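Understanding the architecture of this molecule
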Amino acid sequence: MSKFALAVDVGATKVAIATIGEDFSVHQKQEVLTRADNGAQLWSSIEKVIQEFLKSESGTLIGIGVASAGPLNILNGTLSPVNIPIWRDFPIIDHLKKMSGDKKVVLHGDALALAHAEHRIGAGRGLKNMLGMVVSTGIGGGLILDGKVFRGETGNSCYIGHHSINFEGRMCACGRRGCVEAYASGPQMVAIAHENGWNPNLDSFIDLAQSAREGNAVAIDAISQGTRALSIGIVNFVGTLDINHVVIGGGVAQAGEIFWNPLQKHIKTESKAIGFLKDVHLHKAELQRDAGVLGAALAVLN
Ligand SMILES: [Zn+2]
């Protein structure tokens, strides 16, 4: 009898649900938008998809892996994603255990899940130490140390998007000032461009990247500021740990050279003063859209 894992990947704007085989093949996948009136309603839409998936799979369910935007708490199995305000201390593990007949349920941060997937089957294969990052609506990190995922005490290790690089800086959604995310997430780069007079009729990072490619100075500057903030965050982090491989995925990182060129340049400048960081290697994530659910599934497939 074949075996499979159920994967639940909770992002800022959508929750992806998938069933995944032991060979890492994605059997079924569906997304539920997080825009709901309340937390219970959002959960019930997710529950419906899971029930359908479990009904149509013929193999044995090994367990359920959950990857989520932070913060989360692995000690009591709850989520409080910054960008999903209708879920605070949401007991997702309890819910999933109940509906699966007490199967093994493991919760990972979304960026840790991405790091795990990229390390196992993507751009980080064979690396001993690496920082995996998601640069998208939010910014998160996941750490592989000595070939193993490092979760931290509560599952929030590598909360890199919300470390401050400027104590009098921009206000962040998390309540702190000067977070990396307050400059370098897609929506924040767009907000900075708007503050500086960029076309108010355009509002996505895809538009901003295109505008920068066309030579718009305000768009170029917003991306330069964002990638500079990101590079300071990365260099602080890899310098603290003395590691030198970084795998970056997420929507913003898919913009191509308009994002990667300034990022590489700023990384070089920011790491120059740290003698042992001669060579910070930036790798593009390879797994793209399925990285989240694959990373979630890996938590129980291993
Ligand atoms: Zn923050």
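Residues numbered from 1 in each chain as written. Predicted model: local features only at pLDDT ≥ 70, side-chain atom pairs only at ≥ 80, totals over all residues.

Quite often, the size of an interface is put as the accessible area lost when its parts meet. In terms of domain boundaries, the chain breaks down into domain 1 (3–113 + 290–301) and domain 2 (126–285). Using C-alpha coordinates to define each centre, domain 1 is positioned 26 Å away from domain 2. Contact with domain 1, which involves 19 residues of that partner, is made by 19 residues of domain 2. Of all the elements in the fold, those that place two or more residues in the side of domain 1 that touches domain 2 are β5 (72–73), β7 (104–109) and α3 (110–121). (Domains from an automatic or database assignment. Contact = placed C-beta atoms within 7 Å. Helix = DSSP H or I, 4+ residues; strand = E, 2+ residues; numbered from the N terminus.)

Here five strands make up an open sheet; going across it, the order is β10-β9-β8-β11-β12 and the pairing mixed. Of all strands in the sheet, those bounded by a partner on one side alone are β10 (148–150) and β12 (281–284). Shown here is a sheet whose adjacent strand axes are inclined to one another by a mean of 30°, direction ignored. As paired strands, strand β11 (residues 245–249) and β12 are joined by four bridges and run parallel to one another. The partner of valine 247 across the bridge, within β12, is histidine 283. Sitting on the sheet, helix α7 (residues 217–241) is in contact with β8 (130–135), β9 (139–145) and β11, with an inclination near 155° to β8. (Pairing = 2+ DSSP bridges. Axes fitted to C-alpha atoms, helices over the stretch in contact; angles between N-to-C directions.)

What follows concerns helix α6 (residues 205–213). All of the buried residues in α6 are Phe205, Leu208, Ala209, Ser211 and Ala212. Taken end-on, α6 shows its buried residues confined to a sector of 160°, consistent with a single buried face. Positive backbone phi, approximately 95°, marks glycine 215, located one or two places after α6. (Buried ≥ 20, exposed ≤ 12 C-beta atoms within 10 Å, placed from the backbone. Arc of directions from axis to C-beta.)

Those residues of helix α2 (residues 92–99) that sit buried are Ile92, Ile93 and Leu96. Buried residues of α2, seen end-on, are gathered within an arc of 95° and therefore sit on one face of the element. As for α2, its buried residues are in contact with β4 (60–68), β6 (78–79) and β7. The positive-phi residue at the C-terminal boundary of α2 is glycine 101, with phi of around 70°.

Ranked by size, the top nonpolar core spans 92 residues in total, and within it Val66, Leu208 and Ala297 carry the most contacts. Residue-level mapping places this core at the junction of two domains, with at least three residues from each of domain 1 (3–113 + 290–301) and domain 2 (126–285). What valine 66 contacts, discounting residues up to four positions off in sequence, is Val8, Val10, Ile92, Leu96, Val105, Leu107, His108 and Ala296. (Core = buried A, V, L, I, M, F, W, Y, C linked by C-beta atoms within 7 Å.)

As a further point, take the sheet that holds strand β3 (residues 26–33). On the basis of which strands lie adjacent, the open sheet formed by five strands has the order β3-β2-β1-β4-β7 and mixed pairing. Every other strand in the sheet has two partners, leaving β3 and β7 as the edge strands with one partner each. Going from strand to strand, the sheet's axes swing by 15° on average, the running direction of each strand aside. Sheet topology places strand β1 (residues 3–10) next to β4; eight bridges connect them, and they run parallel. Paired with valine 8 across the strands is valine 66, a residue of β4. The sheet strands contacting α2 are β4 and β7, and the helix crosses β7 at an angle near 150°.

A few words now on the packing of α7 against helix α8 (residues 257–271). Relative orientation of the contacting elements α7 and α8 amounts to 45°, with a least axis distance of 8 Å. The orientation of α7 relative to α8 falls into the category oblique. Regarding α7 and α8, the two cross each other, and that crossing is right-handed. For the pair formed by α7 and α8, the contact residues are Ile223, Ser224, Thr227, Arg228, Leu230, Ser231, Ile232, Ile234 and Val235 on the first element and Ile258, Phe259, Pro262, Leu263, His266, Ile267, Glu270 and Ser271 on the second. Among the residues making up the contact of α7 with α8, the classes are represented as ten nonpolar, five polar and two charged. (Parallel < 35°, antiparallel > 145°, perpendicular 65-115°, else oblique. Left-handed = near helix turned anticlockwise from the far one by under 90°. Nonpolar A, V, L, I, M, F, W, Y, C, P; charged D, E, K, R; others polar.)

The next thing to look at is unusual backbone geometry. Put simply, glycine 70 and proline 71 share a cis peptide bond, and its omega is 0°. Mapped onto the secondary structure, proline 71 falls in the loop between β4 and β5. Notably, cysteine 158 is not glycine yet its phi reads approximately 70°, a positive angle. The topology assignment puts cysteine 158 in the loop between β10 and α4 (181–184). Accessibility expressed as a C-beta count within 10 Å gives 23 for cysteine 158, which makes it buried.

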